[in-house]
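Topology and contacts: notes
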Amino acid sequence: MAILSTCPNTGVPGRCNDKVSAAKPMANKSTWAAQNPGWPVMQPHQPLSTVEKEHQSMHAASRQISVAQRKDRDILLNEAIRSLADEFEAKVQVLATTHNVTHEKVKKLLGGHKFYQNPRGTQLANAIIHDKAHEVNEGHAHGEKLSLEQIRDLARVDPKYQDMTQEEKDELLHVLTEYWALKNMSVCATNSAAARDAQLTLEHVFKILDSLALHTGVYVCLFATRGHVYDSSQPFWYGTDNIMDFWEDVMDLEPDEIVCKMEQWACMHGKNIEERNSVEGMQRMCTRILNSGLCVVAKKKICINFINFEVAIKARYGIDLLGWPEGVPFQSPHTITNTEHLCTLRDTLKAGTCCWAYMSRQQCVQYQDQLKE
C-alpha cells in the first residue's frame, strides 16, 4: 500500500514508490502530468529487468504445472461429489416415501435448503413494508403518516404476513417491483421539485466532472436550462478550467448569451417527453449519432451510404458498423418510420452497443475476397 509523503523540493503532498509521486517540473507539455509539475502523478509500472523477467518466466512455468495438477484433482473431486449427490438424492427419496412426506421437506430438515438470497434483488421484507405502508398511510397528509419504525412494528404483528403462501409472496414482490419501475420512470410533480432535483443532480455531476478534468485534463462544458416557461429552474452554464474561453475566442459567443438563447429555444418549443421522442426527433438523433461516430473513427468527414454500404464504407475505408439491433432494417434512420424500431436503434446507439469500428487487416483481406466472389 502506498504511503503519503511530502516531496522535499516542492512541499506538495504525494505518493512515492510504485504508485503515486510528485511530478518534477518538466519543460515539455506532451502529457497532462508534464503540464502540471508539482501535482501528484500516478506513475506507470517500470519495465522488468532481465533477472526479473527470468524469475517471472520460472514462476509462470511453475504455475502452469500446478494448474494442470489442480485440474486433474478437481475432475476427480467433481466425479466423487456427483456420485455422492446421486446417492443422497436416492436416500432422500426413500425417506420421503417411507414416511409419506414431500421430498422438499426431507431436504429442508437435512439442512440442504439455502435461505440466502441476492441482496440486490427484491426482498420479501421490503415488499411487506411497502404493502403495509400503502395500507396505513394511503390518504393521509404528510405530517399524519406513520414512520418506518411504526410501520415495521405493525407489519411484524400483523397475522396476514405470518403464514403466507408462495403465491401471496410472489404477488407482494411483483407489486413492489412495479412500484420501483414506475418510480424510476416518473417525473417531478411540481416545478419546485423539478428545480430542486435538477440542482442537486447537476451539482453532483459538476463534482464528478471537476475530478475528471483534474485527473485527465479533459475539457467539459455544459449548458442547462428549463424545458418550459412554467419551470422555476434558472438557466446556467458550467465549464472546467478555461473551456469557456473557447466560446469567446473561437465562436465569438458569450456563455450567458448561449444559455439565454437556449432557454428561449426550449421555452418556445415547450415539448413534453412524447413530443421530444417523436419519429422525426428520433430519426434526427440516430442520424446525428451515426454520422458523428463515423467521422470520429475515420478522422474525416464521411457521409453514410446505406444503399451501397458494403462497398462505399466497409470495403473502401475498412470500417464496419457493429451491433446493429436485430429486427431493425439496415437502412437510413430517416427512412425508418416504425416507432419501436427507432426506439431500439436510438437506445443501442446511446448505450454504445451499436458503434463504428475499424476492421483488422485480416478482416479487410477476407472481406475483399468475399466481394470478388
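Fair warning: this is a prediction, and the values are worked out from it, not measured in the lab. (Residues numbered from 1 in each chain as written. Predicted model: local features only at pLDDT ≥ 70, side-chain atom pairs only at ≥ 80, totals over all residues. Heavy atoms only, no water.)

Some points on the packing of aromatic side chains
Taken as a whole and assessed by the stated rule, the structure comprises nine aromatic pairs. Taking the centre distance of 5.6 Å and the plane angle of 80 degrees together, the rings of Phe223 and Trp247 count as edge-to-face. Taken together, the residues span a long stretch of sequence, with Phe223 in strand S5 (residues 221-224) and Trp247 in helix H7 (residues 244-249) at a distance of 24 residues. Pairwise contacts between aromatic rings join Phe306, Phe309, Trp324, Phe330 and Trp356 into one cluster. (Phe/Tyr/Trp six-rings, centres within 6.5 Å; stacked < 30°, edge-to-face > 60°. Helix = DSSP H or I, 4+ residues; strand = E, 2+ residues; numbered from the N terminus.)

A short note on the confidence of the model for the protein chain
Overall, the prediction assigns the protein chain a mean pLDDT of 82, with 85% of residues at 70 or greater. Per-residue pLDDT, averaged within each element of the protein chain, yields its smallest value for strand S1 (residues 4-6) (37) and its largest for S5 (94). Contacts of residues 112-117 to residues separated by more than four positions or lying in other chains number five contacts, the stretch itself having pLDDT below 50. (pLDDT = per-residue confidence, 0-100. Contact = heavy atoms within 4.5 Å.)

Regarding the environment of Lys271
With respect to the secondary-structure elements, Lys271 resides in the loop between helix H8 (255-269) and helix H9 (273-276). Residue classification places Lys271 among the partly exposed residues on the basis of a relative accessible area of 35%. Along the chain, Lys271 and Gly227 lie 44 residues apart, while their C-alpha atoms are 7.5 Å from each other. (Buried < 20%, exposed > 50% of the residue type's maximum accessible area, 1.4 Å probe, protein only.)

Considerations on a negative patch on the surface
A surface patch of negative charge is lined by Asp245, Glu248, Asp249, Asp252, Glu254 and Asp256. Counting residues per element, the negative patch draws most heavily on H7, which supplies three residues. By the element assignment, Asp256 lies in helix H8. In this structure Asp256 comes out as exposed when scored by relative accessible area, which is 53%. (Patch = residues over 30% accessible without salt bridge, like charges linked within 9 Å, V, L, I, M, F, W, Y side chains within 5 Å. Areas by Shrake-Rupley, 256 points an atom, 1.4 Å probe, with all protein chains shown as cover. Salt bridge = Lys/Arg side-chain N within 4 Å of Asp/Glu carboxyl O. Lys, Arg positive; Asp, Glu negative; His and termini not counted. Charge placed at Lys NZ, Arg CZ, Asp CG, Glu CD.)

Quick look at the packing of helix H10 (residues 279-298) against helix H12 (residues 339-351)
Relative to each other, H10 and H12 sit at 35 degrees, their axes nearing to 10 Å. The chirality of how H10 crosses H12 is left-handed. For the pair formed by H10 and H12, the contact residues are Val279, Met282, Gln283, Met285, Cys286, Ile289 and Leu290 on the first element and Thr339, Leu342, Cys343, Leu345, Arg346, Leu349 and Lys350 on the second. Here the residues of the contact of H10 with H12 are counted per class, giving 10 nonpolar, two polar and two charged. (Axes fitted to C-alpha atoms, helices over the stretch in contact; angles between N-to-C directions. Left-handed = near helix turned anticlockwise from the far one by under 90°. Nonpolar A, V, L, I, M, F, W, Y, C, P; charged D, E, K, R; others polar.)

Quick notes on the packing of helix H3 (residues 124-137) against helix H5 (residues 166-184)
Look at H3 against H5: their axes get within 9 Å of each other, and the N-to-C directions meet at 75 degrees. As far as their axial angle goes, H5 and H3 are roughly perpendicular. For the pair formed by H3 and H5, the contact residues are Leu124, Asn126, Ala127, Ile128, His130 and Asp131 on the first element and Lys169, Leu172, Leu173, Val175, Leu176 and Tyr179 on the second. Of the residues that constitute the contact of H3 with H5, the class distribution is eight nonpolar, two polar and two charged. (Parallel < 35°, antiparallel > 145°, perpendicular 65-115°, else oblique.)

Some points on helix H6 (residues 191-216)
End to end, H6 covers 37 Å across 26 residues, agreeing with the expected 38 Å (1.5 Å per residue, within 8%). For H6, the full list of buried residues reads Ala193, Ala195, Leu202, Phe206, Leu209 and Ala213. Buried-residue contacts for H6 involve S5 and strand S6 (236-239). In the segment just after H6, Gly217 is the residue with positive phi, at about 85 degrees. (Expected span 1.5 Å × (residues − 1).)

Quick word on the nonpolar core
Grouped together as the largest cluster of nonpolar side chains are 22 residues, with contacts concentrated most on Leu290, Leu294, Ile313, Leu321, Trp324 and Trp356. Taken together, the elements giving at least two residues each to this core come down to H10, helix H11 (309-317), strand S7 (319-322) and H12. Tallying contributions element by element places H10 first for this core, with six residues. Once residues lying within four places of it in the same chain are set aside, the contact partners of Leu294 are Ile302, Ile304, Ile313, Ile319 and Trp356. (Core = buried A, V, L, I, M, F, W, Y, C linked by side-chain atoms within 4.5 Å.)

Thoughts on the pattern of salt bridges
Evaluation of the coordinates by the stated rule reveals 10 salt bridges. The salt bridge partner of Asp131 is Lys160, with a shortest N-O separation of 3.6 Å. Of the two residues, Asp131 is situated in helix H3 and Lys160 in the loop between helix H4 (148-157) and H5; the sequence distance between them amounts to 29 residues. Relative accessible area serves as the criterion here: at 23%, Asp131 is assigned to the partly exposed category. Residue Arg152 is joined to Glu149 by a salt bridge in which the shortest nitrogen-to-oxygen separation is 3.2 Å. One end of the pair, Arg152, and the other, Glu149, are both in helix H4, three residues apart, so they sit about a helical turn from each other. Using a relative accessible area of 49% as the deciding quantity, one classes Glu149 as partly exposed. One continuous salt-bridge network, built from bridges that share partners, spans Asp131, Lys132, Glu135, Asp158 and Lys160.

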